[in-house]
Each structure stands twice: as structure tokens, then as C-alpha cells.
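# Close look at the chain arrangement
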Amino acid sequence: MSQDRWAQTFERLAARLSTLTGYDTLVLREVVDTPPDQRRSLFRRARPAPFRYVQFRLASGLITGECVGASSWGGSYDIDEQTDRRLRELGWAAPDERPQALRDSPNYRVDVPPAESPRLARMAVDALDVLGVAPDAELAWDEP
């Protein structure tokens, strides 16, 4: 499969973001299996395998979008300098680009009014692509 899958993901995400209501959340993430060497042992808890994701929340009249943060600043995914630069070029703000009050998360972040949800959906799909998620990868749509 090809970029057609990204187009389908974009359409579905844009439609869903346009229907968010008070404090709704959505996480779009790749589905990963925990490698055998990370499974639980007798004396040690397993850590989940890192995965790539984007997440969204509507609050105070804005949709906050977040993209998995780099492990170099406390996030859960290893992101190299080139990928970091490309995510910033897409419009994602890294923690070092946000005011101190908004540095509560190690993730990339952007806040947009609901009218800009299609732009946010495009940024999210492009971020997953930049992060190396295959267009035909299995994605989970978590709506707690």
C-alpha cells in the first residue's frame, strides 16, 4: 500500500478532530509487540516497547495536539536531529520552544482552534510519516 493509506488516515483523523467536544481525547498510535527480551521476568517488570503516536485533546476552546517526544528530553522515543528538524518544520513545537508554563510534557506540541483541525490532522499524519511509520502500519485509535 502507499500514500493512499496516509490520505485515508488524514481524512478519518480530520473528520474525527472536527467532532471533538469538551475534554474529548484521542490517541492515534502504532501497534507494537513487546519484544521477548522486554517481557516480564520473575523479579523485573517489563517496560513497554516505545511506540510512535500523536494525541489530541479539546480544552478551553483549543485542540492541543502532541507528537511523541524525543528521549533526549524525557520523551519515550529516540528521535535523531534530522527528524527533530523535520517535525519542527511541520509546525510542531518542541519543549525548548514553549514557554516554561507549557513544558509539562516532553512531547512536541501545537494548539489550534477547532476550525484548524484539518491542518492539525495533516501535521499529525505527516509527523507519523516523518517518524518512519509505514503507511500501511496498523494504527490504534484510542479514545479513553
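As shown above, the structure is provided for reference.
Another point: the packing of helix α2 (residues 81–90) against helix α3 (residues 117–130). Across the interface, α2 lies against α3 with an axial gap of 10 Å and an inter-helix angle of 170°. Taken together, the axes of α2 and α3 lie roughly antiparallel to each other. Only M123, D126, A127 and V130 of α3 make contact with α2, whose side of the interface consists of T83, R86, L87 and L90. Per-class residue counts for the contact of α2 with α3 are five nonpolar, one polar and two charged.

Glancing now at α3. Residues separated by three or four positions in an α-helix point in the same direction, a consequence of the helix having 3.6 residues per turn. Under the 1.5 Å per step criterion, the end-to-end length of α3 is 20 Å for 14 residues, consistent within 8% with the ideal 20 Å. Every buried residue of α3 is accounted for by S117, L120, A121, M123, A124, V125, A127, L128 and V130. At the C-terminal side of α3, G132 shows a positive phi close to 95°.

Below, the discussion takes up the sheet that holds strand β5 (residues 139–142). The strand order across the open sheet built from five strands is β4-β3-β2-β1-β5, with neighbouring strands paired in antiparallel fashion. Edge positions in the sheet fall to β4 (108–112) and β5, since each has one partner strand and no second. When the angles between neighbouring strand axes are averaged without regard to direction, this sheet yields 15°. Pairing of strand β1 (residues 25–30) with strand β2 (residues 53–59) involves five bridges; the strand directions are antiparallel. Residue pairing in the sheet places L26 in a bridge with F56 of β2. Sheet contacts for α3: β1, β2, β3 (62–67) and β4; angle to β2, the most-contacted strand, approximately 160°.

What follows deals with the pairing of β2. Along any regular strand, the residues point their side chains to alternate faces of the sheet. As judged from the six bridges shared by β2 and β3, these two strands associate in the antiparallel manner. Bridge pairing links R57 to T64 in β3. Adjacent in sequence and paired antiparallel, β2 and β3 are bridged by two residues, among which S60 carries a positive phi angle near 55°.

Non-glycine residue Y23 carries a positive phi angle of around 65°. Within the secondary structure, Y23 sits in the loop between α1 (3–17) and β1. We classify Y23 as exposed; its relative accessible area is 53%. Here the phi dihedral of S60 falls at roughly 55°; this positive angle occurs in a residue that is not glycine.

For α2, the set of buried residues is T83, D84 and L87. Axial view of α2: buried residues confined to an arc of 105°, hence all on one face. Seen from the open side of α2, the exposed residues pointing more than 90 degrees away from its buried face are E81 and E89. Buried residues along α2 sit against β3, β4 and α3.

Rules used in this analysis
Residues numbered from 1 in each chain as written. Predicted model: local features only at pLDDT ≥ 70, side-chain atom pairs only at ≥ 80, totals over all residues. Heavy atoms only, no water. Axes fitted to C-alpha atoms, helices over the stretch in contact; angles between N-to-C directions. Helix = DSSP H or I, 4+ residues; strand = E, 2+ residues; numbered from the N terminus. Parallel < 35°, antiparallel > 145°, perpendicular 65-115°, else oblique. Contact = heavy atoms within 4.5 Å. Nonpolar A, V, L, I, M, F, W, Y, C, P; charged D, E, K, R; others polar. Expected span 1.5 Å × (residues − 1). Buried < 20%, exposed > 50% of the residue type's maximum accessible area, 1.4 Å probe, protein only. Pairing = 2+ DSSP bridges. Arc of directions from axis to C-beta.

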